[in-house]
Amino acid sequence: MAEPSSSSKWPDAAPPEGQQTILTISCGNSHIHWATHDISSSPTDNNANEFAPSLFWRTPHINDDDMKDGTSPAMILSRMLPESIHDYIFGAAASDTTNNVTEEMARDQSQKRAVEKLSVYVVYTNADQLIKLEKLCASIPSNFVVLDGDDFFNEEQGRYNGMGVDRLATLTGAVYFYGHPALVFDGGTATTYSATNCEGKVLGGGIGPGIQSKLQSMSKDTDALPNISAAEVKERVKETENSGKPLPTFARTTKEAMMVDVFQEFAGKGKNVIERWIEHAYSNDDKKQPPMGTKYNEDRIVTCTGGDGDIFCELLQPCHGGVIEAQPAGSNLNYQVRPSKHLIHYGISAILNMQVLARRNKAKFNKSGESHVGKRVAKVFDVESDDGDNIFRGSVTEEIVVEEKTLYRITYDDGDDEDVTAESLFDMLELYKQHGEKKKKKKKSPEAKPKNGKKKLEGEPKKKAEGKPKENADSPKEPKSKEATKEAPKEIADSKPTEPKSKANKEAPKFPIKSASKKHANAGAENDKLPTAKKPKTKDDIKDMVQSDPNSFVNKRVAKDFDGECFFGKITKYDDTEPPPFWHVVYDDGDEEDFSSRDLIKSLKHYKKHGKDDKNASD
């Protein structure tokens, strides 16, 4: 009776109007976490979350034996539900027949609801349990939607391939509560930390064994060490809080020695992560602000979640919450730590709220009939402007009627224009609301190239390039800096300044963008009846090679301007052991730096132009 499971397709996957309750599930490695969301009966304003969760519970994994012994999926599902959602799905009468709940009961009950099918949204890290959950939900009238990483953060927002959807969901939950920048520690079977910066882009994070994993591995791999249960750990932590006596650094029992070592490791690592997060996310450069409509985490609130989230919350407090003895004072960091057990469910509710509001706004837009001339818009293209931004702003300058179809003339700030449908215009208006105008950067004084052998120290703050200057002898370039190239690079396709850009269409974050169209020279012409796609950008062979065969550039010569002077060097190695990958460059004067893909493309093109002046070209 359930729709087949599928990745979310918005807005169709969003809860339909009139639905009273939805179910969200986080399918983890040790338990299944559930939540119901009782939806407001009337639409709320754009700042409210009408899908906030109302009830949470946890169950063990679905047992293989239950699936094989003839017990019906409806019966298994009913045993995992608390009374309120059980009655919502199967009816109050089913509570008296817990040993004989049937699919027919679910079908009959669904027909009494304004929206028959229950919307079920799932985030999972355990594929086997996902399959079992889908079978259970197939026994009731439902839409079973599996969420993926792009539903929370897309690649434009810093998500890297392979980043767990559970981590992205918890980040979204933290942003819902406190805004950007966000930092989440998730203490479970594995311990993870994930972060965003002030602009709302994912910085990345780390993954390691959890507290129980570490303790169990010591017991398993060493005969002399005892097994310490999760209950024992929590009880010992609670004892330190009640007594005011932390675990001693020089423990006098084996179990305490094991626990204090693990706790010290997490406390030290956590403090270091927080310090690095503050350094990267709260940079004062350009006074960057979060996306429009998003809170700013001014108080530097760090969120801890997961089964061991409460222990993490204590360890990251000043003096480690009294769980272990305080370490010598280091840097005086100003931050707060807050526990939140159910971030994933709040993250899911936040994206559902966003999608439903977008659907409602689109419906209002289509019915309004108002003129949109003069309104500001934004659109994502797969080429970048001179300052590296691939979001182009513009204005609606004219409404055109072609064969009774209204199109809107968009004139971009760079001079390009196109005609779009009403549906595309809505998406462009929404994207502009999200990003606003391009942020202007403060001018910085030119910096001279570092002297021979002088490198930037690891602890120095990163300096940002100002726009994308033309490469000539009069334009100072950013100094060589390994720090500046460690951020995830954006892939670009450079074009000559004198050539007009051709913007190949790309889907915008959260709001799908339709095909671009050519400017209509004659509204009555036959070939102007429907929008026509713009010409794609000319193929960039260098960019294609960088992406398809990055190792082929080792030993290639490159060129780069510093303070108006062109310096030559050689690529000595390519390293992709950690994202983002980089190419190491050694200049002829002995200086070194790491190139991102964008740096590499620019330097190769610069060498193509100035290579005739390279005295070591035969190397």
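Throughout this document, residue positions are counted from 1 along each chain, in the order its sequence is written. The predicted origin of the model limits local features to residues at a pLDDT of at least 70 and limits the giving and counting of side-chain atom pairs to 80 or more, whereas totals for whole chains, interfaces and linings rest on all residues. Heavy atoms from the whole structure form the basis of all side-chain values; hydrogens and water molecules are not counted.

Got a minute to help me understand the overall build of the chain in this structure?
When helices and strands are counted, the chain shows 14 helices and 19 strands. Counting the 619 residues in the chain, one finds 46% classified as buried. Residue contacts are defined here by distance: any two heavy atoms, one from each residue, within 4.5 Å place the two residues in contact. Pairs at least 24 apart in sequence give 65% of the contacts found in the chain among residues at least 6 apart. On the chain, roughly 30900 Å² of surface is accessible, and the fraction owed to carbon and sulfur atoms is 49%. Numbering of helices and strands runs from the N terminus, with a helix taken as a DSSP run of H or I at least four residues long and a strand as a DSSP run of E at least two residues long. For every residue, the accessible area (1.4 Å probe, protein chains only) is compared with the maximum for its type, and the residue is labelled buried under 20%, exposed over 50%, or partly exposed between those bounds. Computed with the Shrake-Rupley method and a 1.4 Å probe, the accessible areas treat only the protein chains shown as cover for residues.

What am I meant to see in the pairing of strand β17 (residues 565-575) here?
One face of the sheet, then the other: side chains in a regular strand alternate in exactly this way. For two strands to be treated as a pair, DSSP must find no fewer than two bridges joining them. Summarising the sheet, strand β16 (residues 557-562) and β17 pair through six bridges and their orientation is antiparallel. Across the sheet, residue Asp-561 finds its bridge partner in β17, namely Cys-566. Linking β16 to β17, which pair antiparallel, is a turn of two residues; within it Asp-563 sits at a positive phi near 55 degrees. Where β17 lies against strand β18 (residues 582-587), six bridges are found, and the strand directions are antiparallel. By the bridge assignment for β18, Ile-571 is matched with Val-585.

When you look at the sheet that holds strand β8 (residues 190-196) in this model, what are you seeing that I'm missing?
Backbone-to-backbone hydrogen bonds pair the strands of a sheet. The strands run either parallel or antiparallel. Pairing is mixed in the open sheet, where five strands are placed in the order β9-β8-β7-β10-β11. Each having just a single partner strand, β9 (202-209) and β11 (336-339) make up the two edges of the open sheet. Taken over all neighbouring pairs, the strand axes of this sheet differ in orientation by 15 degrees on average, direction set aside. Relative to β9, β8 runs antiparallel, the two being bridged by seven bridges. Its bridge partner being in β9, Ala-190 is matched across the sheet by Pro-209. Helix axes are fitted only over the stretch in contact, all axes being lines through C-alpha atoms; the angle between N-to-C directions runs from 0 to 180 degrees.

I would appreciate a short explanation of the packing of helix α3 (residues 83-90) against helix α4 (residues 103-110) in the present structure.
For any two helices packed against each other, the geometry comes down to the angle between their axes and how far apart the axes lie. Across the interface, α3 lies against α4 with an axial gap of 6 Å and an inter-helix angle of 85 degrees. With respect to α4, the axis of α3 lies roughly perpendicular. Contacts between α3 and α4 involve Asp-87, Tyr-88, Ile-89 and Phe-90 from the former and Met-105, Ala-106 and Gln-109 from the latter. Looking at the contact of α3 with α4 residue by residue, the class counts come to five nonpolar, one polar and one charged. Here the word oblique covers every angle except those under 35 degrees (roughly parallel), over 145 (roughly antiparallel) and from 65 to 115 (roughly perpendicular). Gly is placed with the polar residues, together with every amino acid not listed as nonpolar (Ala, Val, Leu, Ile, Met, Phe, Trp, Tyr, Cys and Pro) or charged (Asp, Glu, Lys and Arg).

Can you help me understand the packing of aromatic side chains in this one?
Centre-to-centre distance and the angle between the planes together describe a pair of aromatic rings. Each Phe, Tyr or Trp ring, with Trp reduced to its six-membered ring, pairs with another whose centre is within 6.5 Å; inter-plane angles below 30 degrees give stacked pairs, above 60 give edge-to-face pairs, and intermediate values give tilted ones. A complete count under the given rule lists 18 aromatic pairs for this structure. Ring geometry for Phe-381 against Phe-392: centres 5.7 Å apart, planes inclined by 80 degrees, an arrangement best described as edge-to-face. Here Phe-392 lies in strand β13 (residues 391-402) and Phe-381 lies in the loop between β12 (376-380) and β13, a separation of eleven residues in the sequence. There is no split in this pair, since Phe-381 and Phe-392 are both buried. Note on Phe-562 and Tyr-587: the rings are 5.9 Å apart at their centroids and 85 degrees apart in plane angle, and the pair reads as edge-to-face.

Would you explain the sheet that holds β12 in this entry?
An order of β12-β13-β14-β15 is seen for the four strands of this open sheet, with the pairing classed as antiparallel. Every interior strand has two partners, whereas the edge strands, β12 and β15 (417-420), have only one. Strand-to-strand twist across the sheet, computed as the mean angle between neighbouring axes with direction ignored, equals 40 degrees. Direction of pairing for β12 relative to β13: antiparallel, over a ladder of five bridges. Bridge pairing in β13 places Ala-378 opposite Arg-393.

So what exactly am I meant to see when it comes to the pattern of salt bridges here?
Two side chains of opposite charge can pair, provided their charged atoms sit close to one another. One speaks of a salt bridge when a side-chain nitrogen belonging to Lys or Arg is within 4 Å of a carboxyl oxygen belonging to Asp or Glu. Enumeration over the complete set of coordinates arrives at 26 salt bridges. Measuring nitrogen to oxygen at the nearest pair gives 2.8 Å for the salt bridge that ties Lys-132 to Asp-64. A residue pair is termed long-range when its members are at least 10 positions apart, and Lys-132 in helix α5 (residues 127-137) and Asp-64 in helix α1 (residues 64-68) qualify at 68 residues. A relative accessible area of 39% means that Asp-64 is categorised as partly exposed. Across the salt bridge formed by Glu-398 and Arg-409, the nearest N and O atoms sit 3.6 Å from each other. Placement of Glu-398 in strand β13 and of Arg-409 in strand β14 (residues 405-412) is noted, with a sequence separation of eleven residues between them. When its relative accessible area of 39% is taken as the criterion, Glu-398 is described as partly exposed. Sharing partners across several salt bridges, the network here consists of Glu-17, Glu-50, Arg-359 and Arg-360.

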